[in-house]
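The chain contents come next:
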Amino acid sequence: MGTEKKFRDPIHKFIHVSSEELKIIDTPVFQRTRNIKQLSLGYYAYHGAEHSRFGHMLGAMHVAGLAYDAIQKNTAKLGEDLAYEDIDRKTLRAAALLHDVGHAPFSHSLESLLDASHEAYSKALVKTCYEDILRKSDIDTQTVNELIDGYYTNKPHLSKLVSGQLDVDRLDYLLRDSYYAGVSYGRYDLERIIDQLAIVDGKFVVLEGGYEAVEQLVFSRYQMYQQVYFHKTKRSFELMLWKCSEIMKEDGLLHYPSIKELEEGEDGIQEYIKRDDRWFLNQIFNAKNPKVVRIADMIKARKPYLETYSPLSNRKKSARIKAEPNNSVDALEVVQSALHKALPSLGIERHEFLTDDLSRSPYNLMPDYNISDGDDGEGGSILVYYKNNRLAEPIEKRSHMVFTLAKNQPFMIRGFVTPEKYDTVRKHLETLSYVLPKRGSPS
């Protein structure tokens, strides 16, 4: 499968694509992802973060090819036979290329627009729009969808490269998001991780030489969630987008094609192609509902709802260090519950107060690392292989950092209010012994 084109990429330098892959990339459905921001309205907090799903999907495909080649090489050196064929590499790259083609406008922020997950939309589009292209390349559509789902039972270790702890999705997005946001938190040694991937005794592993790079990856992801993905300004604007979509859906004014409509024919596909970030902004900027108009005007002017309570806003001096950092935070659930009950008496409407927590987040829990249930089983763990001992064990058995992160999932509960109601909330919270700083009058 010869190279048809090279894409210049700020993360991977050159991304080589085949003529078959280029046919996928050049379709209107795929080109739509150029107009889907990778980090939603993250550019309101990090002005460089205007990159799209398009570049990320190309990057994931590129990393998938590199990972496949490394696994083949390293596994052969260890004397094991994978029985993989050239078609497996093509299929893996196709799945990585198409894994996010079903995203809603503004990526995860408006997942509520969909009648199923974005992965389900991606799979529907694979069958509806790409079956002919894939078949001409001898790629099985069902296999591509099983890889996107993370459940390709015939060759499960290929699934782990599309949906797993070391999948090509996060291997690309951490570096890409870090680069465009202008931060260093998401950087890690991709080349070293790729170089150390293998299959041993039927298990997907990282050879011992990649241990430090994997540990760095896990911590980088944790920091990216803390500093970028859950940045308070970014999340405030995302919640504002979500609230607009909720109001307009309740008014019956926001139609988004269902999976059934995508599967029924060309009309559904053409409507889907129009549903990008620009489409949604046009919907809210031209809305008649005064609640939506108010929020849309704030988005235009870059005026977010203001954070009221959060784990960072009311730290208390402690006489001793406690075992779990979250214990130093007063019971925010109680504060939130009391404030919710008081909103009507404070003259604050439901659309003027938005809440944020990890359970309702479109993102997975950081660092999304699950400790293995078994002594040496994979579970949700990354396995490190020690050649001299022929031992594969979960990284948390060696890494105190990974063990600590996995055992202490972060705590997040926040409230955001319109700027003109901030002082009202601040004064009420003082009655609950929760002190917020005074802010200048909103302009």
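Refer to the structure presented above.
Let me begin by describing the structure that accompanies this report.

Parameters and conventions
- Residues numbered from 1 in each chain as written.
- Predicted model: local features only at pLDDT ≥ 70, side-chain atom pairs only at ≥ 80, totals over all residues.
- Heavy atoms only, no water.
- Buried < 20%, exposed > 50% of the residue type's maximum accessible area, 1.4 Å probe, protein only.
- Helix = DSSP H or I, 4+ residues; strand = E, 2+ residues; numbered from the N terminus.
- Pairing = 2+ DSSP bridges.
- Salt bridge = Lys/Arg side-chain N within 4 Å of Asp/Glu carboxyl O.
- Contact = heavy atoms within 4.5 Å.
- 1 Å grid on protein atoms, 1.4 Å probe; cavity = no way out; pocket = protein on both sides within 12 Å on 5 of 7 lines; lining within 4 Å.
- Points joined across faces, edges and corners; volume = space filled by probe spheres on them.
- Nonpolar A, V, L, I, M, F, W, Y, C, P; charged D, E, K, R; others polar.
- Polar contact = N/O pair within 3.5 Å; in protein donor to acceptor, adjacent residues only side chain to side chain.
- Axes fitted to C-alpha atoms, helices over the stretch in contact; angles between N-to-C directions.
- Parallel < 35°, antiparallel > 145°, perpendicular 65-115°, else oblique.
- Left-handed = near helix turned anticlockwise from the far one by under 90°.

Points about the pairing of strand E4 (residues 203-207)
Within E4, four of the five residues are buried, leaving the element largely enclosed by the surrounding structure. With four bridges connecting them, strand E3 (residues 197-200) and E4 associate as antiparallel partners. For Val200, the partnering residue across the bridge sits in E4 and is Lys203. Here E3 folds back onto E4, and the loop between the two strands holds two residues, one of which, Asp201, carries a positive phi near 50°. Direction of pairing for E4 relative to strand E7 (residues 383-386): parallel, over a ladder of three bridges.

Points about the pattern of salt bridges
Tallied over the entire structure, the rule returns 26 salt bridges. Linking Lys421 and Glu352 is a salt bridge whose minimum nitrogen-to-oxygen distance equals 2.9 Å. Residue Lys421 is found in the loop between strand E9 (413-417) and helix H19 (422-431), and its partner Glu352 is found in the loop between helix H17 (332-342) and strand E6 (353-357); the two are separated by 69 residues along the sequence. Comparing Lys421 with Glu352 shows no difference in burial state: the two are buried.

Comments concerning helix H15 (residues 277-285)
Within the sequence span of H15, burial applies to Asp277, Trp279, Phe280, Leu281 and Ile284. Buried residues in H15 make contact with helix H12 (232-250), helix H14 (266-274) and helix H16 (290-300).

Looking at the environment of Ile71
With respect to the helices, strands and loops of the structure, Ile71 is situated in helix H3 (residues 53-77). With residues up to four places along the chain from it excluded, the contact list for Ile71 reads Leu82, Leu161, Leu197, Ala198, Ile199 and Phe204.

Examining empty space enclosed by the protein
Applying the stated criterion to the full structure yields two cavities of 30 Å³ or more. Quantified by volume, the largest cavity comes out at close to 70 Å³. Looking at the largest cavity, it is lined by eleven residues, and the ones nearest its centre are Glu20, Glu21, Lys90, Ala94 and Ile139. Of all the elements in the fold, those that place two or more residues in the lining of the largest cavity are helix H1 (19-25), helix H4 (86-98) and helix H6 (131-136). The element best represented in the lining of the largest cavity is H1, accounting for three residues. Of the residues assigned to the lining of the largest cavity, the class counts are six nonpolar, two polar and three charged.

Notes on the side chain of His12
For His12, the position within the fold is in the loop between strand E1 (3-9) and strand E2 (13-18). Engagement of the side chain of His12 in a polar contact is seen with the side chain of Asp172, the distance being 2.8 Å. In contact with His12, not counting residues within four places along its chain, are Gly59, His62, Val63, Asp172, Arg176 and Leu190.

Observations regarding the packing of H12 against H16
Two elements in contact, H12 and H16, have axes whose closest approach is 10 Å; the angle formed by their N-to-C orientations is 155°. Relative to H16, H12 is oriented roughly antiparallel. Our pair here, H12 against H16, has a crossing hand that is left-handed. Contact residues: Phe237, Met240, Leu241, Lys243, Cys244, Ile247 and Met248 in H12; Lys291, Val292, Ile295, Met298 and Ile299 in H16. Residue composition of the contact of H12 with H16, by class: ten nonpolar, no polar and two charged.

Observations regarding the environment of Tyr386
Mapped onto the elements, Tyr386 comes out in strand E7. Measuring from C-alpha to C-alpha, the distance between Tyr386 and Val205 comes to 9.8 Å, with 181 residues separating the pair along the chain. When near neighbours in sequence (up to four residues on either side) are disregarded, Tyr386 contacts Glu208, Leu391, Glu393 and Arg398.

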